[in-house]
Amino acid sequence: MDNKSDLLVFAHILNPKTDKKCEFIRDGAMWLTLKKTKAEKKYVIKAIGKASVVTKKIKSGFQVLDYSGHVIIPSFFDMHFHWVQDHVREMPKSNLLKWLELYTFPSERKFQSSQYSAKEAKYFFKRLSSVGTLGGACFSSIHENALEHAMENVVGDFVIGNALMTMNSPKYLTQTKASALKLVRKFSKKYKKRYALTPRFAIATDPETMKEASKIAKSHGCFMQSHLCETQNEIDFVTKMYREFPGFTRVKNYTEIYKKVGMLGAKSLMAHGIHLSKDELEMLGKTKTTLIHCPTSNAPVKQKGLGSGLFNFKQVEKYKIRWALGSDIGAGPILSMFDVIRSFVDQNTKDKIKGATYTKALYRATLAGAEILQLDKRCGNLDVGKEANFLVLPKIKMSAQSTVETVMKQYVKTGQSNRKKYDNLLEKVFYRGELLHSKS
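Conventions we followed
- Here the residue numbers are simple positions, counted from 1 along each chain's written sequence.
- Only residues with pLDDT of at least 70 are given local features in this predicted model, and only at 80 or more are side-chain atom pairs given and counted; all residues enter the totals for whole chains, interfaces and linings.
- The basis for every side-chain value is the complete set of non-hydrogen atoms in the structure, without hydrogens or water.
- DSSP-based pairing: two strands are paired if at least 2 bridges between them are found.
- Numbered from the N terminus, helices here are DSSP runs of H or I no shorter than four residues, and strands are runs of E no shorter than two.
- A fitted line through C-alpha atoms represents every axis, and for helices the fit uses only the stretch in contact; the resulting angles, taken between N-to-C directions, go from 0 to 180 degrees.
- The contact definition used throughout considers only heavy atoms, calling two residues in contact when any of these lie within 4.5 Å.
- Exposure is judged per residue with a 1.4 Å probe applied to protein chains only, and the accessible area is read against the type maximum: over 50% gives exposed, under 20% gives buried, and values in between give partly exposed.
- Clockwise travel from the first strand over the helix to the second, with the strands pointing away from the viewer, marks a crossover as right-handed.
- Whenever a nitrogen or oxygen atom comes within 3.5 Å of another N or O atom, the pair is scored as a polar contact, on the condition that within protein one atom can donate a hydrogen and the other can accept it, and that pairs from neighbouring residues in sequence are kept only if both atoms are in side chains.
- The working definition used for a salt bridge is a side-chain nitrogen of Lys or Arg within 4 Å of a carboxyl oxygen of Asp or Glu.
- Stacked, tilted and edge-to-face pairs are distinguished by plane angle, under 30 degrees for stacked and over 60 for edge-to-face with tilted covering the rest, among Phe, Tyr and Trp rings (Trp via its six-membered ring) whose centres lie within 6.5 Å.
- Two conditions define a charge sitting above a ring: the NZ of Lys or the CZ of Arg must be within 6 Å of the ring centre, and it must be within 35 degrees of the ring normal.
- Residue types Ala, Val, Leu, Ile, Met, Phe, Trp, Tyr and Cys, when buried and joined through side-chain atoms within 4.5 Å, form a set referred to as a nonpolar core.
- Throughout, the protein atoms alone are placed on a 1 Å grid, and a set of points is a cavity if a 1.4 Å probe fits but cannot get out or a pocket if it is open with protein on both sides within 12 Å along at least five of seven lines; lining residues have an atom within 4 Å of a point.
- Grid points are joined across faces, edges and corners, and a volume is the space filled by probe spheres set on the points.
- Under the scheme applied here, ten amino acids are nonpolar (Ala, Val, Leu, Ile, Met, Phe, Trp, Tyr, Cys and Pro), four are charged (Asp, Glu, Lys and Arg), and all others, including Gly, are polar.

1. Brief notes about the sheet that holds strand E9 (residues 223-228)
Item 1. Spatially, eight strands are ordered E5-E6-E7-E8-E9-E10-E11-E12 in an open sheet, and the strand pairing comes out parallel. Of all strands in the sheet, those with a lone pairing partner are strand E5 (76-82) and strand E12 (323-325), marking the two edges. Looking at each pair of strands side by side, their axes are set apart by 25 degrees on average, direction ignored.
Item 2. Two strands pair when backbone bridges link them, and strand E8 (residues 196-199) and E9 are joined in this way by two bridges, in the parallel orientation. For leucine 197, the partnering residue across the bridge sits in E9 and is methionine 224.
Item 3. The sheet contacts of helix H3 (residues 114-130) involve E5, strand E6 (133-140) and strand E7 (157-164), and relative to E6 the element is tilted by about 145 degrees.

In structure tokens:
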């Protein structure tokens, strides 16, 4: 076929499929073809495989992107982060609730200024693209303008929500029930599947607001997200408090609170899930609720995390609960999902837990997120027919014995002594076949 608008990309390719399977194509090629509709134009993958095989299908006239010796992977999905917490990523952390009070809430207050939030959104989302994150789930602040600026500046497939805070919050971040629901109605109707109903957590959002808001969100097909069972003091606080509310006096656990207000389900994303009882795991599995694991955020304090504990992915999988990875910026200190992958593997390896491989981590940082957001038919990995969303990694040395594990380990090693290096690791970022970011 002769088509000058099509692209031929040469590189080694890692194409995640499942927890245990990642296609590894040495000296590979992707044939990208331009797909046009009235609404958009984008490059999709027409063929992928060994370069010697793919090139046989081509006659002439193609544009060539030659990244021979480099490795290509699909773009990342970061399934839990707070874009308005970018400035508190490296603040001292020893206790979740204290960290929120001393650093996070005062920082989020600044987003009441439209001028400030516009400037910050432009800066943050450009950086997010540069680290290869082109999909995921994001928390904004309570402010209407901050949500709008996030929607205007984000590139890729994200669900974003304005935090709801109607109680137990600083006065400057507290909404009335009426004002909170007004924004939910407006954004649910305007953004539909791009909007996520976002009670900050049960401590900060009253049950009546959550119950009414969840009905509104569901009527527009929106996603929902919040935090669940991150630390023991948070769990103790919320369960004791809710047993004072009418209709909640007999709640057994944190998860049941969310169930009673309509916050669990196939479109519900709950971050953390570190300290879950058997009853809670059963409830999450039965309701098809997703858990988002944030290893860098939950890591020990000496690793710049909150020290919340280690996510028991084997137990979660036993109860058939879907899960994916998230950075939890700003409790997580590094924006790149490479740092999240590193942390997941390192923490489990240190505790001698088998199965926490780089293959698994790559899948949980890419295709798993797309599956959870119901986008996997068009993105998430590099299968034929999907959008050409991919990342070009630096050249590395390979041998005949190189595997997905050894290749990923080499890249992870580049930032282990200085984790900030991950944020500048990528050579190129492509979104729908168009160059979005280039290091040089």
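Text resumes after the structure shown.
2. Digging into the pairing of E8
Item 1. Here E8 shows a buried face lined by Ala196 and Thr198 and a second buried face lined by Leu197 and Pro199.
Item 2. The pairing of E7 with E8 spans two bridges and is parallel. What sits directly across from leucine 164, in E8, is proline 199.
Item 3. The β-α-β motif built from E7, the intervening helix H5 (residues 177-191) and the parallel element E8 has right-handed crossover chirality.
Item 4. At this point the chain moves from E8, through helix H6 (residues 207-219), to the parallel E9, and the crossover so formed is right-handed.

3. Observations regarding unusual backbone geometry
Item 1. The linkage connecting isoleucine 329 with the following residue, glycine 330, adopts the cis geometry, with an omega of 5 degrees.
Item 2. By secondary structure assignment, the location of glycine 330 is in the loop between E12 and helix H12 (337-350).
Item 3. The phi dihedral of aspartate 328 is positive, around 50 degrees, even though this residue is not glycine.
Item 4. For aspartate 328, a relative accessible area of 3% corresponds to the buried category.

4. Here we look at the side chain of serine 268
Item 1. Along the chain, serine 268 turns up in strand E10 (residues 268-272).
Item 2. A polar side-chain atom of serine 268 sits 2.5 Å from the main-chain carbonyl oxygen of methionine 263.
Item 3. With sequence-adjacent residues up to four places away left out, serine 268 is seen in contact with Met224, Met263, Thr289 and Thr290.

5. Considering the pattern of salt bridges
Item 1. Taken as a whole and judged by the stated rule, the model has 26 salt bridges.
Item 2. Residue arginine 342 pairs with aspartate 339 through a salt bridge whose shortest N-O separation is 2.9 Å. Taken together, the residues arginine 342 and aspartate 339, both in helix H12 and three residues apart, mark about one turn of the helix. Per residue, the accessibility class of arginine 342 equals that of aspartate 339, and both read buried.
Item 3. Where salt bridges share partners, they join Glu40, Lys42, Asp157, Arg378, Glu387 and Arg432 into one cluster.

6. Remarks on the packing of aromatic side chains
Item 1. Scanning the entire structure with this criterion turns up 21 aromatic pairs.
Item 2. Aromatic pair phenylalanine 311 and tryptophan 323: ring centres 5.5 Å apart, planes at 55 degrees, arrangement tilted. With phenylalanine 311 in the loop between helix H10 (295-298) and helix H11 (313-318) and tryptophan 323 in strand E12, the pair connects residues that are 12 residues apart, well separated along the chain.
Item 3. Using a relative accessible area of 1% as the deciding quantity, one classes tryptophan 323 as buried.
Item 4. Of the aromatic side chains, those joined through ring pairs into one cluster are Phe81, Trp83, Phe111, Tyr116, Phe124, Phe125 and Phe158.
Item 5. Between the NZ or CZ atom of lysine 260 and the centre of the ring of phenylalanine 248, over which it lies, the distance is 5.6 Å.
Item 6. Over the aromatic face of phenylalanine 223 sits the side chain of lysine 267, whose NZ or CZ is 5.0 Å from the ring centroid.

7. Let's talk about the side chain of histidine 272
Item 1. Along the chain, the position of histidine 272 falls in strand E10.
Item 2. Polar contacts involving the side chain of histidine 272 include one to the side chain of glutamate 230, which spans 3.3 Å.
Item 3. Aside from chain neighbours lying at most four places away, what touches histidine 272 is His80, His227, Leu228, Glu230, Ile292, Cys294, Ser297, Asn298, Phe311 and Asp328.

8. Comments concerning the nonpolar core
Item 1. Judged by nonpolar contacts, the single largest core of 108 residues is most densely connected at Trp83, Tyr258, Leu291 and Phe338.
Item 2. When neighbours within four sequence positions are excluded, tyrosine 258 is seen to be in contact with Phe201, Ala202, Met210, Ser226, His227, Leu228, Met263, Leu264 and Met270.
Item 3. Among the nonpolar cores identified, the runner-up in size contains 18 residues, and Ala137, Phe223, Leu367 and Ala370 belong to it.

9. Thoughts on the environment of histidine 80
Item 1. Residue placement: histidine 80 occurs in strand E5.
Item 2. Excluding residues within four positions of it along the chain, histidine 80 makes contact with Ala137, Phe139, His227, Ala271, His272, Ile292, Cys294, Gly326, Ser327, Asp328 and Ile329.

10. A look at the layout of surface pockets
Item 1. The calculated volume of the largest pocket comes to roughly 240 Å³.
Item 2. Lining the largest pocket are Val154, Gly156, Asp157, Phe158, Val159, Lys193, Arg194, Phe223, Leu373, Gln374, Leu375 and Arg378.
Item 3. Ranked by residues supplied to the lining of the largest pocket, first place goes to E7 with three residues.
Item 4. For the lining of the largest pocket, the per-class residue count stands at six nonpolar, two polar and four charged.
Item 5. Volume-wise, the second largest pocket comes out at about 180 Å³.
Item 6. Around the second largest pocket, the lining is made up of 14 residues, and of these Pro300, Gln303, Gln347, Lys350 and Asp351 lie nearest the centre.

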